[in-house]
Amino acid sequence: MGAVRRVVSYLGLGDGDQYDEPYDYDEYEDERMPASERAARRWGSGVDPARIIMIRPRKYSDALIVGQHFRDGQAVIMDVAGMSLAEATRMVDFAAGLTYGCDGRIERIADKVFLLAPADIEITTT
């Protein structure tokens, strides 16, 4: 009997059979690697750093699209002008957390327009 199974049985949480399946570490390896490497694995080539995605979200649920492109290593220009003030604020808060969590950067480039840049893209201002 495995250690987890013994603990589960000792605590009276069941028989512990569901914990005896082997754990596949490779399945979760993608989550630990940088976004650019995930994109290279997914599409077989690197992300084109010259390509910038322009997204004009209309509702907060469009955050999923922004997050997918950014996590895949793409720079994203996000124009929240078409959103209500409350949803635009939520979207910018989401984008700030996304860039912080992925070691990227967010810059306001115009009124209600933001650039989300991955860590490997340099932003210079003059």
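Heads up: the structure comes first, above all this text.
Residues numbered from 1 in each chain as written. Predicted model: local features only at pLDDT ≥ 70, side-chain atom pairs only at ≥ 80, totals over all residues. Heavy atoms only, no water.

Moving on, we get to the pairing of strand S3 (residues 105-110). Of the pairings in the sheet, the one linking S3 to strand S4 (residues 113-117) comprises five bridges and is antiparallel in character. Residue Arg108 lies in a different strand from S4, and its bridge partner there is Phe114. Where S3 folds back onto S4 in an antiparallel hairpin, the turn is made up of two residues, including Lys112, whose phi is positive at roughly 65°. (Pairing = 2+ DSSP bridges. Helix = DSSP H or I, 4+ residues; strand = E, 2+ residues; numbered from the N terminus.)

Bringing the pattern of salt bridges into the picture now. Per the stated rule, a full pass over the model turns up four salt bridges. A salt bridge links Arg56 to Asp79; the shortest N-O distance between them is 3.6 Å. In this pair, Arg56 is assigned in the loop between strand S1 (52-55) and helix H3 (63-71) and Asp79 in strand S2 (residues 75-79), connecting sequence segments 23 residues apart. Between Arg108 and Asp111 there is a salt bridge, with the nearest N and O atoms lying 3.7 Å from each other. Comparing Arg108 with Asp111 shows no difference in burial state: the two are exposed. (Salt bridge = Lys/Arg side-chain N within 4 Å of Asp/Glu carboxyl O. Buried < 20%, exposed > 50% of the residue type's maximum accessible area, 1.4 Å probe, protein only.)

Here the focus is the nonpolar core. In this structure, Val66, Val76, Met78, Val80, Met91 and Leu116 are the most contacted members of the largest nonpolar core, which totals 15 residues. Taken together, the elements giving at least two residues each to this core come down to S1, H3, S2, helix H4 (85-101) and S4. No other element matches H4, which puts four residues into this core. If we ignore the near neighbours within four places in the chain, the residues touching Val76 are Ile53, Ile55, Val66, His69, Phe70, Phe114, Leu115 and Leu116. (Core = buried A, V, L, I, M, F, W, Y, C linked by side-chain atoms within 4.5 Å. Contact = heavy atoms within 4.5 Å.)

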